[in-house]
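Chain by chain, the residues run as shown.
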Amino acid sequence: MRDLNADRLEHWQAQGFDLNNCPVRVVLDHVAAKWTTLILLELCKGPQRFNAIGRALPDISKRMLTQSLRDLERDGMVNRRVFDTKPPSVEYSLTDMGRSFLVPLEQLIDWADDHISAIQEAREKFDHG
């Protein structure tokens, strides 16, 4: 695996990329962002309105939900559909790219689920030993 990563890094560097301009950073921004990942997981159930997403994630502020949805829409992962009703209603859904992002995300979730006990033990040992 180390050789694959080294080859990939060399390929990117040959194209003029550096670690400050790494193409993976955009994706990692989403994976590392607590709310965007949870929003994607919520939207995998199907299209939802803003308030439904907010109820599913009660700790998120309306401002953070709005910003996270905008970021995901900007990156092409979420579609925003406005209905011509009084008052207007908005529905959010995953795009094909958003659904494809769930594949590696589910692998990460599985890895975390498989290793959470070991992580908790390591933290306990670190914090108290």
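Figured I'd write up the structure that's included with this text. (Residues numbered from 1 in each chain as written. Predicted model: local features only at pLDDT ≥ 70, side-chain atom pairs only at ≥ 80, totals over all residues. Heavy atoms only, no water.)

A few points about the packing of helix α3 (residues 34–43) against helix α5 (residues 62–74)
Contact geometry of α3 with α5 gives a least axis separation of 10 Å together with a crossing angle of 75°. Judged on the interaxial angle alone, α5 and α3 are roughly perpendicular. Of the residues in α5, those touching α3 at Trp35, Thr36, Ile39 and Leu40 are Met64, Leu65, Ser68, Leu69 and Leu72. For the contact of α3 with α5, the per-class residue count stands at 7 nonpolar, 2 polar and no charged. (Axes fitted to C-alpha atoms, helices over the stretch in contact; angles between N-to-C directions. Helix = DSSP H or I, 4+ residues; strand = E, 2+ residues; numbered from the N terminus. Parallel < 35°, antiparallel > 145°, perpendicular 65-115°, else oblique. Contact = heavy atoms within 4.5 Å. Nonpolar A, V, L, I, M, F, W, Y, C, P; charged D, E, K, R; others polar.)

Digging into the nonpolar core
Across soluble globular proteins, nonpolar side chains have a tendency to be buried as a group. By size, the foremost hydrophobic cluster in this structure holds 18 residues, and its most contacted members are Ile39, Leu40, Leu43, Ile53, Leu69, Val78 and Tyr92. Elements with a minimum of two residues in this core: α3, α5, β3 (89–94) and α6 (96–128). The biggest single contributor to this core is α3, with 4 residues. If we skip the residues at most four places from it in the chain, Ile39 touches Ile53, Leu57, Ile60, Leu65, Ser68, Leu69 and Leu72. (Core = buried A, V, L, I, M, F, W, Y, C linked by side-chain atoms within 4.5 Å. Buried < 20%, exposed > 50% of the residue type's maximum accessible area, 1.4 Å probe, protein only.)

Quick look at α6
Taking 1.5 Å per residue as the helical rise, α6 with its 33 residues ought to reach 48 Å, and the 46 Å between its terminal C-alpha atoms agrees with that figure. For α6, the full list of buried residues reads Gly98, Phe101, Leu102 and Leu105. Among the structural elements, α2 (24–32), α3 and β3 are those in contact with the buried residues of α6. (Expected span 1.5 Å × (residues − 1).)

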